[in-house]
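Geometric and topological summary
Residue strings, one per chain:
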Amino acid sequence: MILGTAGHIDHGKTTLVEAITGINPDRLKEEKERGITIELGFAHLDLDGERLGVVDVPGHERFVRHMVAGAGGIDLIMMIIAADEGVMPQTREHLEICQLMGVTQGFVVLTKTDLVEEEWVAMVEDDVRSELEGTFLEGCTVVPFSAMVEGSAQNVIAALRTELKTARQALQSSSRLNVPRLPIDRVFTVKGFGTVVTGTLLGGRFEVGEEVELIPGGTRSKVRTLQVHGEEMEKVGPGSRTAINLAGVGRDEVRRGQVVAPPNRVLETRCFDASLQVLEHVEGGVADRASVLLHTLTQHVVARVVVLADELVAPGEMAYVQLRTEEPVAVISGDHFVLRGFENVRDHGRTLAGGRVLDPDSPHFRQRHRAPHLARLEALDSPDASVAVAKRVEEAGLAGITREEIAIRVPFAIPTTHSALDGLGGAGSVMKVAEVPGRVFSRAVLDDAERRLVEALEAYHREHPDENGMQKEQGRGVLSQASPKLYDVLLESLVQQKKVARDAELIRLESFIPPKDDALDAAIEEAYRKAGWAGFAIEELEVPLGRNRTLIRAAGRRLLDLHVLVKVKPDFFMLQSELDRLRGVLDAHFKAADELAIPELRELTGLSRKHLIPLVEYLDRLSWTRRNGDLRTRGPSL
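Described below are features of the structure shown in this document. (Residues numbered from 1 in each chain as written. Predicted model: local features only at pLDDT ≥ 70, side-chain atom pairs only at ≥ 80, totals over all residues. Heavy atoms only, no water.)

Let's shift gears to the packing of aromatic side chains. Counted by the stated rule, this structure contains two aromatic pairs. Arranged with centres 5.8 Å apart and planes meeting at 70 degrees, the rings of Phe272 and Phe337 form a pair that is edge-to-face. Of this pair, Phe272 sits in strand 16 (residues 267-278) while Phe337 is found in strand 22 (residues 336-345), placing the two residues 65 residues apart along the sequence. Both residues of the pair, Phe272 and Phe337, belong to the buried class. Ring geometry for Tyr528 versus Phe536: centroids 4.1 Å apart, planes at 5 degrees, classification stacked. Exposure class is identical for Tyr528 and Phe536. Each is buried. Directly above the ring of Trp533 sits Arg581, whose terminal nitrogen or CZ lies 4.1 Å from the centroid. (Phe/Tyr/Trp six-rings, centres within 6.5 Å; stacked < 30°, edge-to-face > 60°. Helix = DSSP H or I, 4+ residues; strand = E, 2+ residues; numbered from the N terminus. Buried < 20%, exposed > 50% of the residue type's maximum accessible area, 1.4 Å probe, protein only. Lys NZ or Arg CZ within 6 Å of the ring centre and 35° of its normal.)

Here you go:
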């Protein structure tokens, strides 16, 4: 669990952290000299057998971007308000940022109570409660604190114990737990060890020796060592303030804002869809194509807002948007973010809006596709996890999707996602295919694929009425996204339903009656019988039989499909029965001799070189013979 502070500059955040943990989180010389927090500060608190990470954020308006970076990993917030000043501009902005970043648990600490009368403290508490109405801190615990009063810190710790119980329950339903991620907030080198990064571990666990990836960028590395609050560990879990020593990565290859994660588990994107909530005090709202500063976890980049349904998102309103960033960002579905402007809003700082990622790798929005695009986002934003999961499985099409891939593409915790997936499977709308392990498919998508294959066969029969059917591989081209194994499963399903018939490598509709011209077939067979082993191209029969080339070719394909003819090469057909007769001749020869020379085969067959060479090469391909220099020996298939 991560406990964080928030509040206006000089309201005593750092003093309070030191009072309850015994650790001064300010680490920079300038911070200690000036008495203000500039960067994120860190401490820890051992409480009831659990070690809490503590993040102290800067309160000055100039350093709000650091505050946003800290808020991305906070599970429980302590809103710090000085009793002698009350609610101030950065109090409001920090509260808004926490709410936009998805923080839902917290309490208020009224600091510096020794500087004012008790009646004043009570009046400030009333003002604070009024200010918090309509926020996630409405009705929360308010604890008085003074660094000058003995036992005051214990009152804060007592309140913290109570609040932690609720925060733990809320964390279990958070999508933040879906993927092990370490948003980098510091990068430095240690002599003899190399590059070290620090951050708050979100999601699962990291272990020493594990392969990891830096996103954005895709640089691969391994975890050489792990530390939590200065102690070396073999493995670390979520909520830990973690330092990772990365193997084989230079200091210049890593930067603050990147995310350390298992390979291929976090998406790198420049375009994502989201729900956006604009703050009420933002005059004019957020306009379409507005340029803003996007803050997500420890990264901040310039982005452009594309409003999907209108020309702007009005103050206090929620809408679907697409964010296009100037630099790649690392996000998963469900991540929260904050948008800030480039100028201050009176009494509120620069924060404009915030929201939640719905589709981390969305295609660019097009006006002509507005309706389906919005409908899709409504499904992904549904409070019913089964709606969002079903949409993701459907969109995966015939490629299918794994449980891990779904987890980073829907804004729900993994247990919720898996429960929804199991429910959809039980209802029959999502299914597994045994031949394609690890992936799930939409039943509607598979049904549509079968329908398309049937329609393709119908069209093929109309265009080629003289042919027995379509080549099986040609049918696969209709379902190009399907793997060979899935295609076979779909084809077998249609065969079992008696919609499609399969003859060797040909497929046709069960209801299709293959054309047959007995007289033509018999004439062709007779012509090839007379030729014996001296095969020829099927088209050569056009004149002797007085039939057009199309019909001759169709009959030839039909006889090939029926295994009456064999194709030695494109211009060399012969009867299967003649080939079988030749097999008998070869078998008899090799029973009497170990080798066969080409002149001997010429004598056995009576063929000229024109026919003999392609026939010998065909016999080699069949493995009836095996070439050994200029000689042939018995092949394994003879």
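On we go.
Looking at chain direction, strand 18 (residues 291-296) and strand 19 (residues 299-307) are connected through six bridges and run antiparallel. Paired with Val292 across the two strands is Ala303, which belongs to strand 19. A loop of two residues connects strand 18 with strand 19, the two strands running antiparallel in sequence, and Leu297 in this loop sits at a positive phi of about 50 degrees. Examined bridge by bridge, strand 19 and strand 21 (residues 318-331) share five bridges and lie antiparallel to one another. (Pairing = 2+ DSSP bridges.)

In this section: the nonpolar core. In terms of nonpolar packing, the biggest core is built from 29 residues, with Leu294 and Phe337 touching the most fellow members. Every element with two or more residues in this core is listed here: helix 4 (89-100), strand 16, strand 18, strand 19, strand 21, strand 22 and strand 23 (349-359). Taken together, domain 1 (2-173) and domain 3 (267-372) each give at least three residues to this core, which thus spans both. (Core = buried A, V, L, I, M, F, W, Y, C linked by side-chain atoms within 4.5 Å. Domains from an automatic or database assignment.)

It is worth spelling out the packing of helix 17 (residues 576-592) against helix 19 (residues 609-621) at this point. Relative to each other, helix 17 and helix 19 sit at 80 degrees, their axes nearing to 13 Å. Judged by the angle between their axes, helix 17 and helix 19 are roughly perpendicular. Along its contact with helix 17, which presents Leu579, Leu582 and Leu586, the element helix 19 presents Leu615, Tyr618 and Leu619. Its residues assigned to classes, the contact of helix 17 with helix 19 comprises six nonpolar, no polar and no charged. (Axes fitted to C-alpha atoms, helices over the stretch in contact; angles between N-to-C directions. Parallel < 35°, antiparallel > 145°, perpendicular 65-115°, else oblique. Contact = heavy atoms within 4.5 Å. Nonpolar A, V, L, I, M, F, W, Y, C, P; charged D, E, K, R; others polar.)

Once that is clear, we can look at the sheet that holds strand 33 (residues 631-634). Sheet architecture is open: three strands sit in the order 31-33-32, paired in antiparallel fashion. Looking at the sheet topology across the chains shown, the edges are occupied by strand 31 (595-597) and strand 32 (625-628). Sheet twist, expressed as the average angle between the axes of neighbouring strands with direction ignored, equals 35 degrees. Pairing geometry for strand 32 and strand 33, over four bridges, is antiparallel. In the sheet register, Asn628 faces strand 33, and the bridge partner there is Leu631. Each of strand 31 and strand 33 touches helix 18 (residues 598-605); the most contacted strand, strand 31, lies at about 80 degrees to it. Seen against the sheet, helix 19 touches strand 32 and strand 33 and runs at an angle of roughly 110 degrees to strand 32.

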